[in-house]
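What the coordinates show
Listed below, chain by chain, are the residues.
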Amino acid sequence: SQAVGMLFSQLLQARTLAVIVMKNSFLIGVFLITSIWSHITFAQINFTRQDLFNDWTELKITRSEFVVYKPCDGQTQKIKLKKGCLIFIGQVDFPDTLDIKTIDRASDSTLNITGSLRVNSSVTWRMNIKWLDKSRLISLWKIKIAGSISDHTFKILFTPNNNKRRFKFVDNPCPDGKIDEKYFENIDTL
């Protein structure tokens, strides 16, 4: 019982989920359940203005790794930062130019950016950006858009363009017509 408690404590410190199987107070086996989440560093490393001014490529999460995904329908999402604006290139949408109003630091490691849509200034947006894993240059962007037909918030993982070669490339070609897109892990809980 004490040995199982120590084992459980060590697994908890290592951010590993385990199923401990016991029978009649005897340890029969420990089955480790690992996932991509055990490899993410949640350290409070500040996301800086220097970090921000890059071109960014979206990442997706499989059960075991981060990947750059080229969908059948459209392209990999990207963000380009230029002086005073941010250009969001969606999967199937034409690029949207977002004028930057403010860039400031939150009390934690998050960088906040606000602005409006260049073609319709009544549509406003707010981004909260932080490093999910600074050592591998994986960032989490929470984007909230307001003032359009319906307000919505979504999260996207990005890496700087010059870093995307570090990740596996997953292509979903569809030369003979549209096919279903591949499934990836949900990042809404991040």
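Structure: above.
Residues numbered from 1 in each chain as written. Predicted model: local features only at pLDDT ≥ 70, side-chain atom pairs only at ≥ 80, totals over all residues. Heavy atoms only, no water.

Side note on the nonpolar core
Definition in use: To form a nonpolar core, buried Ala, Val, Leu, Ile, Met, Phe, Trp, Tyr and Cys residues must be joined to one another through side-chain atoms within 4.5 Å. Burial status follows relative accessibility: with a 1.4 Å probe on protein chains alone, a residue under 20% of its type maximum counts as buried, one over 50% as exposed, and anything between as partly exposed. Runs of H or I in DSSP of at least four residues are treated as helices and runs of E of at least two as strands, each being numbered from the N terminus. Contacts between residues were defined by any pair of non-hydrogen atoms, one from each residue, lying within 4.5 Å.
Counting 23 residues, the largest nonpolar core has Leu52, Ile79, Leu86, Met127 and Trp141 as its most contacted members. Counting residues per element, the ones that place at least two in this core are strand 5 (78–82), strand 6 (85–89), strand 7 (96–105), strand 8 (111–117), strand 9 (120–133), strand 10 (138–146) and strand 11 (152–160). In terms of residue count, strand 9 provides more of this core than any other element does, 5 residues in total. Sequence-distant contacts of tryptophan 141, that is, excluding residues within four places in its chain, are made with Leu52, Trp56, Ile79, Leu81, Leu86, Met127, Asn128, Ile129, Phe154, Lys155, Ile156 and Phe158. Residues Leu59, Val68, Leu157 and Phe167 belong to the second largest nonpolar core, which totals 11 residues.

Comments concerning the packing of aromatic side chains
Stated formally: Within 6.5 Å between ring centres, the rings of Phe, Tyr and Trp (the latter by its six-membered ring) count as paired, and their orientation is classed by plane angle as stacked under 30 degrees, edge-to-face over 60, tilted in between.
A complete count under the given rule lists 6 aromatic pairs for this structure. When the ring of tryptophan 56 is compared with that of tryptophan 131, the centres are 6.2 Å apart and the planes differ by 50 degrees; the resulting orientation is tilted. Of this pair, tryptophan 56 sits in strand 3 (residues 55–61) while tryptophan 131 sits in strand 9, placing them 75 residues apart in sequence. Through a chain of ring-to-ring contacts, the aromatic side chains of Phe47, Trp56, Trp131, Trp141 and Phe158 assemble into a single cluster.

A few points about the layout of surface pockets
Our working definition: Points on a 1 Å grid over protein atoms alone make up a cavity when a 1.4 Å probe fits among them but cannot get out, and a pocket when they form an open set with protein on both sides within 12 Å along at least five of seven lines; lining residues each have an atom within 4 Å of a point. Grid points are joined across faces, edges and corners, and a volume is the space filled by probe spheres set on the points. Three classes are used, and their members are as follows: Ala, Val, Leu, Ile, Met, Phe, Trp, Tyr, Cys and Pro are nonpolar, Asp, Glu, Lys and Arg are charged, and the others, Gly among them, are polar.
Reported here for the largest pocket is a volume of approximately 330 Å³. Lining of the largest pocket is provided by 17 residues; of these, Phe88, Asp96, Leu98, Leu117 and Ile145 occupy positions nearest its centre. Contributing elements (two or more residues each) for the lining of the largest pocket: strand 7, strand 9, strand 10 and strand 11. Among the elements that take part in the lining of the largest pocket, strand 9 stands out by supplying 4 residues, more than any other. Here the residues of the lining of the largest pocket are counted per class, giving 11 nonpolar, 4 polar and 2 charged.

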